[in-house]
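As a plain string of letters, each chain reads:
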Amino acid sequence: MLSQAVSYLTWLRSAQHEFEALVRRVLGAEAAESIDWRRPRMVCIAAGFSHHDRVAVQRLLERIDLVRYRVFEGGLLSLLLVDSSPGSPSVASSRPSRGRDAVVDSAPAAPVVRSPTGGGLVPECLRDLYGELDEALTAWGEVEVAALRHYIAYRRLVNVASVIFRPKHEVILVYLRLDPDSVELEEGFTRDMRGIGHLGTGDLEVRVVSAAGLEKAAPLIRRAFEAA
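Conventions used here
Residues numbered from 1 in each chain as written. Predicted model: local features only at pLDDT ≥ 70, side-chain atom pairs only at ≥ 80, totals over all residues. Heavy atoms only, no water. Phe/Tyr/Trp six-rings, centres within 6.5 Å; stacked < 30°, edge-to-face > 60°. Helix = DSSP H or I, 4+ residues; strand = E, 2+ residues; numbered from the N terminus. Buried < 20%, exposed > 50% of the residue type's maximum accessible area, 1.4 Å probe, protein only. Lys NZ or Arg CZ within 6 Å of the ring centre and 35° of its normal. Pairing = 2+ DSSP bridges. Axes fitted to C-alpha atoms, helices over the stretch in contact; angles between N-to-C directions. Contact = heavy atoms within 4.5 Å. Polar contact = N/O pair within 3.5 Å; in protein donor to acceptor, adjacent residues only side chain to side chain. Expected span 1.5 Å × (residues − 1). Arc of directions from axis to C-beta. Patch = residues over 30% accessible without salt bridge, like charges linked within 9 Å, V, L, I, M, F, W, Y side chains within 5 Å. Areas by Shrake-Rupley, 256 points an atom, 1.4 Å probe, with all protein chains shown as cover. Salt bridge = Lys/Arg side-chain N within 4 Å of Asp/Glu carboxyl O.

1. Quick look at the packing of aromatic side chains
- Enumeration according to the criterion identifies two aromatic pairs in this entry.
- Ring centres of F19 and W37 lie 5.6 Å apart, and the angle between their planes is 75°; this geometry places the pair in the edge-to-face category. Separated by 18 residues along the polypeptide, F19 in helix α2 (residues 16-27) and W37 in the loop between α3 (29-33) and β1 (41-46) bring together distant segments of the chain.
- We classify W37 as buried; its relative accessible area is 6%.
- Sitting over the ring of F189, K216 keeps its end group 4.6 Å from the ring centre.

Shown next, in the form of structure tokens:
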């Protein structure tokens, strides 16, 4: 979908005169004169997006929004912004727009939505391990990833997992929405968090310190998402 959207945008930029003529014919001269070609935006709507899609969006220079849709009983349609990139002004068309220069120049730039895998949020010492954990947490179809102030939430309709970094001990804490009574707790690996205050949501704490620990946690992650 992303490559198709980029292809459409490339075609649109090569057909500006034709597009303006179409707008003028359908909507009138005033609408055609007000077209701003400098910061076009692509909106990709799909049932789900992978970790690789979200990383690609942050690397591309275009303005892109990834929107996930879900259809519920009764014809209810839900649209959720999964990720967004403000793009780079350097890719803007050199052709000036007419009639809107003053407005566009004074308008604030679109807010930057930082990818959960971006630098600054994930400690350097845990970046590789978190990349593998993120793959495991987003392998269950429609999973929304929200980078919050103190942790990263993985949710469907509700939070299923919360990820917190402890760089001093080189450990990642994963809080799963899973009944601790249904798990054989293991000291130093899993802990019952009911009645214990902590950031994020989820009653079962899982400590991930290595790729082997992540592999060990995979069945618990699968159970949490299958129950969501």
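2. So, the sheet that holds strand β2 (residues 63-72)
- As summarised here, the arrangement of the three strands in space is β1-β2-β3, forming an open sheet in which the pairing is mixed. Lying at the two open borders of the sheet, with one neighbouring strand each, are β1 and β3 (76-85). Mean inter-strand twist for the sheet, computed between neighbouring axes without regard to direction, equals 25°.
- In this sheet, β2 lies alongside β1 in parallel orientation, the contact comprising six bridges. Note on β2: the bridge partner recorded for R41 is R63.
- Packing against the sheet, helix α1 (residues 2-14) makes contact with β1 and β2, and its axis sits at approximately 150° to β1.

3. Thoughts on the sheet that holds strand β9 (residues 204-208)
- Pairing within the open sheet is antiparallel, and its six strands lie in the order β4-β5-β6-β7-β9-β8. Two strands in the sheet have a free side with no partner beyond their single neighbour: β4 (144-147) and β8 (190-192). Neighbour to neighbour, the strand axes of the sheet diverge by 20° on average, direction disregarded.
- Examined bridge by bridge, strand β6 (residues 159-166) and strand β7 (residues 171-176) share six bridges and lie antiparallel to one another. Each residue of the ladder has a partner; that of F165, found in β7, is I172.

4. Things to note about the side chain of R155
- On the secondary structure map, R155 appears in strand β5 (residues 152-155).
- For R155, the side chain forms a polar contact with the side chain of N159, separated by 2.7 Å.

5. Quick look at α1
- A rise of 1.5 Å per residue sets the reference length of α1, with its 13 residues, at 18 Å; its end C-alpha atoms lie 19 Å apart and thus fit the reference within 8%.
- Considered for burial, the residues of α1 that qualify are L2, A5 and L9. The arc enclosing the buried residues of α1, seen along the axis, measures out at 60°, which places them on a common side. Seen from the buried face of α1, the exposed residues on the opposite side, beyond 90 degrees, are S3, Y8, T10, W11 and S14.
- Contacts from the buried residues of α1 go to β1, α4 (51-59) and β2.

6. Quick notes on the pairing of β3
- Here β2 pairs with β3 via nine bridges, running antiparallel. Along β3, the bridge assignment pairs R68 with L80.
- Here β2 hands over to β3 after three residues, with G74 in that stretch at a positive phi of 85°.

7. Some points on a nonpolar patch on the surface
- A grouping of V43, I45, Y69, V71, L77 and L79 is seen on the molecular surface, where their side chains present a nonpolar patch of about 560 Å² in accessible area.
- Looking at the nonpolar patch, the elements with two or more residues in it are β1, β2 and β3.
- Relative to the elements of secondary structure, V71 occurs in strand β2.
- You can call V71 exposed: its relative accessible area is 60%.

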